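What follows is each chain in one-letter form.
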Amino acid sequence: MAQLLVVSNTLTQGAASQQTLPVLTLLPHDIQFVLADTQALTDSARADLVLLDGRLDLAGARMMARLFASSGSTVPILLVLAENGLTAVSADWGLSDIVIETAGIAEFEARIRLLVTSAANDGLISSGGIVIDDGAYSAVKDGEPLDLTYTEFELLKYLVQHPGRVFSREHLLADVWGYDYYGGTRTVDVHIRRLRAKLGPEHEALIGTVRNVGYRFSPEGVRR
């Protein structure tokens, strides 16, 4: 069972998820429906696949696809579109695959399964000299393995997945530790300090502090 994030410009507050893409309700996956905005980038960190709804707003879908690509997201993107939109799609959108809205359950399931499996087999996230193998739960710095705890690994992975983006301590607590974590934001500072120590003097600047806001991963922060 995969975690699917459906990103759509046609959603309205209180709208039933079935009205967006009814075929998805027949698939054996956990599905979350969100509006097509920057919050979708954050929500995608927990998804195995982004299913982008371009049936009624292809231009908006293109903008979202390029936004995902520019953010450094490695989550595969499956674009759902009307048949008359096929001629407009191009490689520079950064899509993983496309599917026509009239496709049957079997085709949707096959495309989703192949994309999720392919991403799981790859599982490599790379930025700023850091390479993370999500499947093997390992992280390497310029070819040198990093000895990280589970939470340190998850925190570093989350930051590397979103290079240049600033996250507040509260945001990191919610997305890395989870909403059921009752500790204070100071634990974020402690783990950031430990990560920097393990990255070493030449790489500690990869994790920058934005005063009064939070932290961000800066790939250009390596000292040579």
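Residues numbered from 1 in each chain as written. Predicted model: local features only at pLDDT ≥ 70, side-chain atom pairs only at ≥ 80, totals over all residues. Heavy atoms only, no water.

## Brief notes about helix α5 (residues 169-177)
Among the residues of α5, those classed as buried are Leu172, Leu173, Ala174, Asp175, Val176 and Trp177. In this fold, the buried residues of α5 make contact with α1 (39-43), α4 (150-161), β10 (166-168), α6 (186-199) and β12 (214-217). Positive phi appears at Gly178, one or two residues downstream of α5, with a value of about 100°. (Buried < 20%, exposed > 50% of the residue type's maximum accessible area, 1.4 Å probe, protein only. Helix = DSSP H or I, 4+ residues; strand = E, 2+ residues; numbered from the N terminus. Contact = heavy atoms within 4.5 Å.)

## Here's the deal with the nonpolar core
Among the nonpolar cores identified, the biggest contains 25 residues, and Ile130, Ile132, Leu155, Leu156, Leu159, Leu172 and Ile207 are the most heavily contacted of them. The set of elements that each furnish at least two residues to this core consists of β7 (130-133), α4, α5, α6 and β12. In terms of residue count, α4 provides more of this core than any other element does, six residues in total. With sequence-adjacent residues up to four places away left out, Leu156 is seen in contact with Ile130, Ile132, Ala139, Leu146, Leu148, Leu195 and Ile207. Listed in part, the 20 residues of the second largest apolar core include Ala36, Ala47, Trp93 and Ile100. (Core = buried A, V, L, I, M, F, W, Y, C linked by side-chain atoms within 4.5 Å.)

## Let's talk about the environment of Ala47
Looking at the secondary structure, you find Ala47 in the loop between α1 and β3 (49-53). Using a relative accessible area of 13% as the deciding quantity, one classes Ala47 as buried. Beyond its immediate sequence surroundings of up to four residues, Ala47 is in contact with Gln3, Leu5 and Val75.

## A closer look at the packing of α4 against α6
Packed helix pairs are specified by the crossing angle of their axes together with the interaxial distance, meaning the distance between the axes. Running from N to C, α4 and α6 point in directions that differ by 85°, and their axes come no closer than 10 Å. Compared by their axis directions, α4 and α6 come out roughly perpendicular. Residues Thr151, Glu152, Leu155, Leu156 and Leu159 of α4 lie in contact with α6, whose contacting residues are His191, Ile192, Arg194, Leu195 and Lys198. Among the residues forming the contact of α4 with α6, the class breakdown is five nonpolar, two polar and three charged. (Axes fitted to C-alpha atoms, helices over the stretch in contact; angles between N-to-C directions. Parallel < 35°, antiparallel > 145°, perpendicular 65-115°, else oblique. Nonpolar A, V, L, I, M, F, W, Y, C, P; charged D, E, K, R; others polar.)

## Quick word on the packing of aromatic side chains
All told, the structure shown has three aromatic pairs when counted by the stated rule. Relative to Phe153, the ring of Tyr137 lies with its centre 4.6 Å away and its plane at 35°, an arrangement referred to as tilted. Of the two residues, Tyr137 sits in the loop between β7 and β8 (138-141) while Phe153 sits in helix α4, which places them 16 residues apart along the sequence. The partly exposed category is assigned to Tyr137, whose relative accessible area is 42%. Joined through ring pairs, the aromatic side chains of Tyr137, Tyr150 and Phe153 make up one cluster. (Phe/Tyr/Trp six-rings, centres within 6.5 Å; stacked < 30°, edge-to-face > 60°.)

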